[in-house]
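# Structural features, examined
Take a look at the letters that make up each chain.
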Amino acid sequence: MMTMLDGTPVQQFVDALEKVVGAAPRPVVLHEPEFGDNEQRYVADCITSGWVSSAGKYLDQFEARIAEFTGARHAIVVSSGTAALHAALLIAGVTPGDEVLIPALTFVASANSAVHCGAVPHFIDSADDTLGVCPDALDAYLRDALEPAGDGFRNRKTGRRVAAIVPMHTFGHPVRMERLIEVAGRYKITVVEDAAESLGSSIHGRHTGTFGVMGTLSFNGNKIVTTGGGGAILTDDAKLAEALRKLTTTAKRPHRWEFIHDQVSYNYRMPNLNAALGCAQFDKLPRMLEQKRLLANRYIQAFGQFAAGYCVVEPAGTRSNYWLNAFKLALPDRGLRDAMLEASYNAGFHCRPAWELMHRLPMFVDAPRAPLPVAERLADSIINLPSSPKLAGQNTPNG
Ligand SMILES: *Cc1c(COP(=O)(O)O)cnc(C)c1O
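Presented here is a report on the structure given in the accompanying data block. (Residues numbered from 1 in each chain as written. Predicted model: local features only at pLDDT ≥ 70, side-chain atom pairs only at ≥ 80, totals over all residues. Heavy atoms only, no water.)

### What about the overall build of the protein chain?
The helix and strand tally for the protein chain stands at 12 helices and 16 strands. The C-alpha atoms of the protein chain give 22 Å as radius of gyration, which agrees with the globular expectation for 399 residues (21 Å, within 12%). Dimensions of the protein chain, computed from the C-alpha atoms along their principal axes, are close to 80 × 60 × 35 Å. Among the 399 residues that make up the protein chain, the fraction classed as buried is 55%. Summarising the internal contacts of the protein chain: among those between residues at least 6 apart in sequence, 71% fall at separations of at least 24. Split by element, the accessible area of the protein chain, about 16800 Å² in all, is 54% carbon and sulfur. Computing the positive centroid from 39 side-chain charges and the negative centroid from 41, the protein chain places the two 3 Å apart. (Helix = DSSP H or I, 4+ residues; strand = E, 2+ residues; numbered from the N terminus. Rg over C-alpha atoms; globule rule 2.2 N^0.38 Å. Buried < 20%, exposed > 50% of the residue type's maximum accessible area, 1.4 Å probe, protein only. Contact = heavy atoms within 4.5 Å. Areas by Shrake-Rupley, 256 points an atom, 1.4 Å probe, with all protein chains shown as cover. Lys, Arg positive; Asp, Glu negative; His and termini not counted. Charge placed at Lys NZ, Arg CZ, Asp CG, Glu CD.)

### Let's talk about the sheet that holds strand β12 (residues 309-311)
Taken in spatial order, the four strands of this open sheet run β12-β14-β16-β15, and their pairing is antiparallel. In the strand order of this sheet, the two ends are held by β12 and β15 (352-353), each with one partner. Of the pairings in the sheet, the one linking strand β14 (residues 325-329) to strand β16 (residues 382-385) comprises four bridges and is antiparallel in character. Bridging across to β16, F327 finds its partner in I383. (Pairing = 2+ DSSP bridges.)

### A short note on helix α5 (residues 108-116)
Of the positions making up α5, those classed as buried are A109, S110, A111, S113 and A114. Buried residues along α5 sit in contact with α4 (81-91), β2 (99-103), β3 (120-124) and β7 (190-194). At the exit of α5 stands G118, carrying a positive phi of roughly 85°.

### Details of the sheet that holds strand β10 (residues 214-218)
Ordered in space as β1-β11-β10-β7-β6-β2-β3, the seven strands form an open sheet in which the pairing is mixed. Of all the strands in the sheet, just β1 (74-78) and β3 have a single pairing partner and so form its edges. Within the sheet, the average angular offset between the axes of one strand and its neighbour, ignoring direction, is 25°. Judged from the five bridges that link them, β1 and strand β11 (residues 231-235) form a sheet pairing that is antiparallel. By the bridge assignment, H74 is partnered in β11 with T235. Its contacts with the sheet place α4 against β1, β2, β6 (162-165), β7, β10 and β11, and it is angled at close to 170° to β10. (Axes fitted to C-alpha atoms, helices over the stretch in contact; angles between N-to-C directions.)

### Points about the packing of helix α1 (residues 9-21) against helix α11 (residues 334-346)
In a pair of packed helices, the angle between the axes and the distance between the axes together describe the arrangement. Put simply, α1 and α11 touch, their axes get as near as 9 Å, and they point 45° apart. The angle between α1 and α11 falls in the class oblique. As for how α1 packs across α11, the hand of that crossing is right-handed. Facing P9, V10, F13, V14 and L17 of α1, the residues of α11 in contact are L336, A339, M340, A343 and S344. Split into classes, the residues belonging to the contact of α1 with α11 amount to nine nonpolar, one polar and no charged. (Parallel < 35°, antiparallel > 145°, perpendicular 65-115°, else oblique. Left-handed = near helix turned anticlockwise from the far one by under 90°. Nonpolar A, V, L, I, M, F, W, Y, C, P; charged D, E, K, R; others polar.)

### Description of the site of the ligand
Close to the ligand lie 14 residues, the nearest being T82, D194, E197, S218 and K223. Separating an oxygen atom of the ligand from a side-chain N or O atom of T82 is a distance of 2.5 Å. Contact distances for the ligand include 2.5 Å between an oxygen atom and a side-chain N or O atom of E197. Relative to its unbound accessible surface of 390 Å², the ligand loses 91% to contact with the protein. (Near = heavy atom within 4 Å. Polar contact = N/O pair within 3.5 Å; in protein donor to acceptor, adjacent residues only side chain to side chain.)

Here you go:
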């Protein structure tokens, strides 16, 4: 008799996908945005009223809703997640010649944002369970790699100050932030969380992106909430919020008619049009998060009796938004990974591997780095699975 576990690992992989998302029309893409009546209404309202650009009620509403949802005191919306990271690192005091600790396993924007500040990314390893920075491995590494210098610590080898760390909550799974904050504090390293993928994820009930001095979100088209393109910076510090607002809005002094700018800064503002889309997306965020959880549970079950691998689950004590479901091979095997990707594409399921590790990208091959054994294994083991909320079922109102 045929059971689901017959056949090669590649065939079993495709069968499991078939079982969970096989009812959806092909191709089943990795992550699709979902728009309904409110998106149409709010965006049309911007156009009708003429408020399409850098000011408007949706900008104020969107910032208030982000702050309320995450529990951050301040949310500053900007034009992209990359812009959010860049501005946050500048306000964190990252200056040219500094180093910034960045996971080797991340999207390239985390590393680019350090370079945009004139700093050098210094790549660090991941934990096998959270997929993000491992605070214990980091602690052991920094003990040897850094030495005190002035009021901070510097890299023994390069002599550069290590100014900041950017933990990233991979695919929505939270990093062990409480412990990481403690380790970073010991070395006077400022923590800026890259929470681009983890809107809706929390640790012991506290939202990701609110543990560091600042945290950043992305509203790119593939994220759980999209504004077309956009991002936000979270902080509890009123002074930092004010500085962020100034830096991202060309440092214009508030005045009814005068145009006086008192520092060189950026035009990183989010347009009201995009914020309107964001408000409509927030209307359905709780429902989308429920659907993602449902879908994740189906994947976890479907791959549950699989010998070749399993699905990544939220770390203990955390709640993940399951932005992207991730299948992980029990043993790293790039050949098997690629065969699974090939077969699933052929069957109409658009899976994808994790990002190429940062230290293997041409612009970063010479950057300083810790030993990266876990990240290297993860890169050869992970396959992201189609994760659009609607794949959990169409029987929910399209609010
Ligand atoms: C999406 C994302 C960003 C930001 O990307 P933008 O396209 O600039 O909004 C940053 N870091 C990570 C890890 C991301 O996934």
